[in-house]
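# Observations on chain architecture
Letter by letter, the chains look like this.
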Amino acid sequence: MTPLLSVQGITKRYGAHIGCADVSFDLYPGEVMGIVGESGSGKSTLLSCLAGHLTPDAGQVVFDTRADGPRDTVTMAEPERRMLGRTDWAFVHQHARDGLRMGVSAGGNVGERLMAVGARHYGDIRNKATDWLDRVEIDAARVDDRPTTFSGGMQQRLQIARNLVTGPRLVFMDEPTGGLDVSVQARLLDLLRGLVRDMGLSAIIVTHDLAVVRLLADRLMVMKSGHVVEAGLTDQVLDDPQHAYSQLLVSSVLQV
Amino acid sequence: MTDYNFAYLDEQTKRMIRRAILKGLAIPGYQVPFASREMPMPYGWGTGGIQVSAAVLTPEDRFKVIDQGADDTTNAVSIRTFFERTAGVKTTTATAEATVIQTRHRIPEAPLTEGQILVYQVPIPEPLRFLEPRESETRKMHSLEEYGLMHVKLYEDISRHGHIATSYAYPVKVEGRYVMDPSPIPKFDNPKLGDMAAIQLFGAGREQRIYALPPYTQVVSLDFEDHPFDPSRADHPCGLCGAEDSYLDEVIVDDAGGRMFVCSDTDYCSARQAAGHTGKDAA
Ligand SMILES: Nc1ncnc2c1ncn2[C@@H]1O[C@H](COP(=O)(O)OP(=O)(O)OP(=O)(O)O)[C@@H](O)[C@H]1O
Ligand SMILES: [Mg+2]
Ligand SMILES: [Zn+2]
């Protein structure tokens, strides 16, 4: 089977400082990969390199495109990469305000990706938007309200709807539950788990929270100082960590 | 004897502006950056349009200036006087006689012809600015033809008002490529932008941008399939000349709050009256 995403030797430096170094892994269709590690370990840097928001200094990010099969998105022309970014890829930011247009209604936020790929029928766009609000458990009556009037959990769910409306195959998430109350987190996690399962999504989730990976991730990578120190099936890594750092992390001695 | 070079700007500056104009004509709808000069009037007065006019005027030209369709507003009069003084060009209020017409907020009603140049004063050249304030990002959107955001703006209009409420500076797509802000003309004028025989030049002074439409360019107003573009016109004839095809201003005519609708294009209206047409409010 062809991996959906094949990452080889991704390295990103900030000057002399290492963001992430020599990261390689394959992600197969329908798989969810979790990335954990302490603050500053390079999780967001890696995710940004994979999603094309940062250009890595070395390495390949080979995505199995619908049209042409496996292509290195690092060297692909920018218009193509940006097109992937609004069709087959989705990116859920930790802070909803980074992933939403706060001055635009909920319907407009969800509809933007549809319009970006050529939807030109207002009624259809609006129907899809309300349909998606419903799927992320936001009252369809809020379709014309701005996200500024939404709670943190609702904003995050709106961000997810806005990203999934075009039926992407790969979702990048950076701390999607960070900064939310515990009960709100739980609801969001349930929702995410349902969507991942129903849509057969592949996903890469960066998080501090081991409960998040336990619930969502099939596989897990543990990062420290920019390097992957351990990788494997989530349950294996969490139940029987091999690397000393992973052991610390799992035993919660490290309050990350 | 004048203290200034012809049309105020020095030749080198005019050459620089002409290069920007030529580039704009070569890439219809594309915003060309240019080094805007200080002009002896404030930005709100159309310094972008004035610099473009200065760069295209020749001593043989006949110059007309309109502001919201009228030749006699303070703004129009002072720009006309400025070029009478600095370029010594003849001026006119008759659309058909003018070779260069500088305008703010209108396109004349009389169809323009080959050989004429229409110069627009532009306050904000970037049609995507409303939703994306980052210049680096809007530039990328233009270069990659990522215009979904333009429709988000129209979507928002419909969701809030039930119809596309944008009635000025209504965005257009030029030759199937660049999305362009036609300056704050009423959308009523949008259909005239396309396939026009005259050259159309757009100058934004504060924002330092020039863009252009060469003659007979395809210009399409953006819309949705189920909310098509509607140029809409007030449902009255002109009170003075009876025209039913012109853009109207509502004016208050007496202290009792009496109103009437009259052509915003004063030259068009007076020419029709001179030809014997009258409206119901004509004295
Ligand atoms: N723009 C930048 N310029 C310089 N250094 C940076 C930049 N962004 C990140 N770094 C550094 O790179 C390393 C990895 O940072 P990164 O943000 O990827 O970590 P992280 O694992 O996402 O941390 P957190 O859990 O706090 O979000 C850190 O040492 C950080 O200080
Ligand atoms: Mg981070
Ligand atoms: Zn009239």
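Residues numbered from 1 in each chain as written. Chains lettered and ligands numbered in written order. Predicted model: local features only at pLDDT ≥ 70, side-chain atom pairs only at ≥ 80, totals over all residues. Heavy atoms only, no water.

Basically, it comes down to this: UniProt positions are given in the numbering used here, feature names are shortened, and annotations may be inferred rather than shown by experiment.
The name that an unreviewed UniProt entry assigns to chain B is Alpha-D-ribose 1-methylphosphonate 5-phosphate C-P lyase, with the source organism given as Palleronia abyssalis. Under the Sequence similarities (unreviewed entry) heading, UniProt states for chain B: "Belongs to the PhnJ family." Per UniProt, the comment on chain B under Catalytic activity (unreviewed entry) is "alpha-D-ribose 1-methylphosphonate 5-phosphate + AH2 + S-adenosyl-L-methionine = alpha-D-ribose 1,2-cyclic phosphate 5-phosphate + methane + 5'-deoxyadenosine + L-methionine + A + H(+)".

Taking an unreviewed UniProt entry as the reference, chain A is identified by name as Phosphonates utilization ATP-binding protein PhnK belonging to Palleronia abyssalis.

## Digging into the side chain of Thr92 of chain B
Residues and elements named next belong to chain B. For clarity, the threshold we go by: Strands are runs of DSSP state E lasting at least two residues, helices are runs of H or I lasting at least four, and both sets are numbered from the N terminus onward. Categorising residues by exposure relies on relative accessible area from a 1.4 Å probe, with only protein chains included: less than 20% of the type maximum marks a residue as buried, more than 50% marks it as exposed, and the intermediate range marks it as partly exposed. Whenever two N or O atoms come within 3.5 Å, that pair is a polar contact, provided that in protein one can donate a hydrogen and the other can accept it, and provided that, for residues adjacent in sequence, both atoms are side-chain atoms. Pairs of residues are marked as contacts when any of their non-hydrogen atoms sit within 4.5 Å.
For Thr92, the location among the structural elements is in the loop between β3 (90-91) and β4 (100-104). The class for Thr92 is buried, based on a relative accessible area of 9%. Here Glu97 takes part through its side chain, which lies 3.1 Å from a polar atom of the side chain of Thr92. Beyond its immediate sequence surroundings of up to four residues, Thr92 is in contact with Arg62, Phe63, Lys64, Asp71, Glu97 and Ala98.

## Quick notes on the site of ligand 1
Residue and element names in this part refer to chain A. The following threshold applies: Here, proximity means that at least one heavy atom of the residue falls within 4 Å of the molecule or strand. Under this grouping Gly is polar, as are all residues other than the nonpolar Ala, Val, Leu, Ile, Met, Phe, Trp, Tyr, Cys and Pro and the charged Asp, Glu, Lys and Arg.
The environment of ligand 1 is made up of Tyr14, His17, Gly19, Glu38, Ser39, Gly40, Ser41, Gly42, Lys43, Ser44, Thr45 and His208. Sorting the residues of the shell around ligand 1 by element identifies β2 (17-27) and α1 (43-51) as the ones contributing at least two each. Per-element tally for the shell around ligand 1: the top contributor is α1, with 3 residues. In terms of residue class, the shell around ligand 1 is built from 1 nonpolar, 9 polar and 2 charged.

## Some remarks on the coordination of the zinc ion (ligand 3)
Residues and elements named next belong to chain B. Spelled out, the test is: Only nitrogen, oxygen and sulfur atoms qualify as donors, and only when within 2.8 Å of the metal (3.2 Å in the case of Na, K and Ca); with water excluded, sites may look incomplete. In these descriptions, tetrahedral denotes four donors with every angle between 85 and 135 degrees, square planar four donors and octahedral six donors with opposite donors over 155 degrees apart and the rest between 65 and 115, and irregular any other case.
Surrounding the zinc ion (ligand 3) are the protein donor atoms Cys238 (SG), Cys241 (SG), Cys263 (SG) and Cys269 (SG), which sit 2.1 to 2.3 Å from the metal. Of note is the zinc ion (ligand 3), whose 4 donor atoms meet at the metal with angles of 104 to 119° in an arrangement that counts as tetrahedral. We note that the donor set of the zinc ion (ligand 3) lies within a single chain, spaced as C-x2-C-x21-C-x5-C. One end of the pair, Cys241, is in the loop between β10 (219-221) and β11 (248-252); the other, Cys263, is in strand β12 (residues 259-263), and 22 residues separate them in sequence.

## Structural notes on the pairing of strand β3 (residues 32-37) of chain A
Residue and element names in this part refer to chain A. Quick note on the threshold: At least two DSSP bridges between two strands are required for those strands to pair.
By the criterion of burial, β3 is predominantly enclosed, with 6 of the 6 residues buried. Of the two faces of β3, the one holding Val32, Gly34 and Val36 and the one holding Met33, Ile35 and Gly37 are both buried throughout. Pairing geometry for β3 and strand β8 (residues 202-206), over 4 bridges, is parallel. Residue pairing in the sheet places Met33 in a bridge with Ile204 of β8.

## Quick notes on the interface of chain B and chain A
For clarity, the cut-off: Buried area adds together the accessible area that both of two parts lose upon being put together, with accessible area traced by a 1.4 Å probe. For salt bridges, the criterion is a side-chain nitrogen of Lys or Arg within 4 Å of an Asp or Glu carboxyl oxygen.
Opposite the 21 residues of chain B that make contact, chain A presents 22 residues. Buried area between chain B and chain A, both sides added, is near 1900 Å², and the carbon and sulfur share of it is 56%. The interface formed by chain B and chain A contains 5 salt bridges. A salt bridge links Arg101 of chain A to Glu132 of chain B, with the shortest nitrogen-to-oxygen separation between them at 3.7 Å. Scanning the region where chain B abuts chain A turns up 13 residue pairs in polar contact (both at pLDDT 80 or more). Those elements that place two or more of their residues in the side of chain B that touches chain A are α4 (135-143) and α5 (148-161) of chain B. By residue number, the principal contributor to the side of chain B that touches chain A is α5 of chain B, which donates 9 residues. Class assignment of the residues belonging to the side of chain B that touches chain A gives a composition of 8 nonpolar, 4 polar and 9 charged.

## Focus: the packing of helix α1 (residues 11-26) of chain B against helix α2 (residues 47-56) of chain B
All names here are of chain B. For clarity, the cut-off: Convention adopted: a line fitted to C-alpha atoms gives each axis, helices being fitted over their contacting stretch, and angles between N-to-C directions are expressed from 0 to 180 degrees. Oblique is the label for any angle not covered by the other classes, which are roughly parallel (under 35 degrees), roughly antiparallel (over 145) and roughly perpendicular (65 to 115).
Viewed as axis vectors pointing N to C, α1 and α2 meet at an angle of 100°, and their least axial separation amounts to 9 Å. Between α1 and α2, the crossing angle belongs to the class labelled roughly perpendicular. Contacts between α1 and α2 involve Lys14, Ile17, Arg18 and Ile21 on the former and, on the latter, Gln51, Val52, Ala54, Ala55 and Val56.

## Some words on the nonpolar core
Test applied: For the purposes of this section, nonpolar cores are sets of buried Ala, Val, Leu, Ile, Met, Phe, Trp, Tyr and Cys residues that join through side-chain atoms within 4.5 Å.
Counting 66 residues, the largest nonpolar core has Val110, Trp132, Val136, Leu158, Ile160 and Val171 of chain A together with Phe224 of chain B as the members making the most contacts within it. Discounting chain neighbours no more than four positions away, the residues touching Ile160 of chain A are Val92, Val136, Leu188, Leu192 and Leu195 of chain A. Core analysis: the second largest hydrophobic core is formed by 30 residues, Ala20, Ile21, Ala76 and Ile79 of chain B among them.

## A look at the sheet that holds strand β7 (residues 170-174) of chain A
All names here are of chain A. Spatially, 6 strands are ordered β6-β7-β8-β3-β9-β10 in an open sheet, and the strand pairing comes out mixed. Each edge of the open sheet is held by one strand with a lone partner, namely β6 (89-92) and β10 (227-233). Taken pair by pair, the neighbouring strands of this sheet meet at an average axis angle of 15°, ignoring direction. Bridging between β3 and strand β9 (residues 219-224) involves 5 bridges; their strand directions are parallel. Each bridged residue has a counterpart across the sheet, and for Val36 the counterpart in β9 is Val222. Its contacts with the sheet place helix α6 (residues 152-164) against β6 and β7, and it is angled at close to 170° to β6.

## Some thoughts on the sheet that holds β10 of chain B
Residue and element names in this part refer to chain B. Reading across the sheet, the 3 strands line up as β7-β6-β10 and stay open at both edges, with antiparallel pairing between neighbours. Unpaired on one side and paired on the other, β7 (178-180) and β10 mark the two borders of the sheet. In this sheet, adjacent strand axes meet at a mean angle of 30° when their direction is disregarded. Examined bridge by bridge, strand β6 (residues 172-174) and β7 share 3 bridges and lie antiparallel to one another.

## Description of the environment of Leu238 of chain A
With respect to the secondary-structure elements, Leu238 of chain A resides in helix α9 (residues 234-239). Residues within four places of Leu238 of chain A in sequence aside, it is in contact with Leu210, Val213, Arg214, Leu220 and Val250 of chain A.

## Topic: the UniProt feature "domain: ABC transporter" (unreviewed entry) in chain A
UniProt records the feature "domain: ABC transporter" (unreviewed entry) for residues 5-250 of chain A in the present numbering. Structurally, residues 5-250 of chain A comprises 39% helix and 27% strand, and the distance from its first C-alpha atom to its last is 27 Å.

## Points about the packing of aromatic side chains
Residues and elements named next belong to chain B. For clarity, the cut-off: Within 6.5 Å between ring centres, the rings of Phe, Tyr and Trp (the latter by its six-membered ring) count as paired, and their orientation is classed by plane angle as stacked under 30 degrees, edge-to-face over 60, tilted in between.
A full pass over the atoms with the stated rule returns 13 aromatic pairs over all chains. Arranged with centres 4.8 Å apart and planes meeting at 65°, the rings of Tyr170 and Phe229 form a pair that is edge-to-face. Taken together, the residues Tyr170 in the loop between α5 and β6 and Phe229 in the loop between β10 and β11 connect sequence positions 59 residues apart. The same class applies to Tyr170 and to Phe229, which are both buried.

## A short note on the confidence of the model for chain B
So the rule is basically this: You can read pLDDT as the predictor saying how much it trusts each residue, on a scale of 0 to 100.
Summarising the model, chain B shows a mean pLDDT of 94, and 99% of its residues fall at 70 or more. For this predicted complex, the interface confidence score (ipTM) comes to 0.90, while the overall pTM stands at 0.89.

## Some points on the pattern of salt bridges
All names here are of chain B. What the rule picks out here adds up to 33 salt bridges over all chains. Asp67 serves as the salt-bridge partner of Arg104, at 2.4 Å between the closest nitrogen and oxygen. Pair noted here: Arg104 is in strand β4 and Asp67 is in strand β2 (residues 62-67), with a separation of 37 residues, a long-range link. Classification of Asp67 as buried rests on a relative accessible area of 7%. As a salt-bridge pair, Glu109 and Lys192 come within 3.3 Å of each other at their nearest N and O atoms. With Glu109 in the loop between β4 and β5 (117-121) and Lys192 in helix α6 (residues 190-193), this residue pair connects regions lying 83 residues apart in the sequence.

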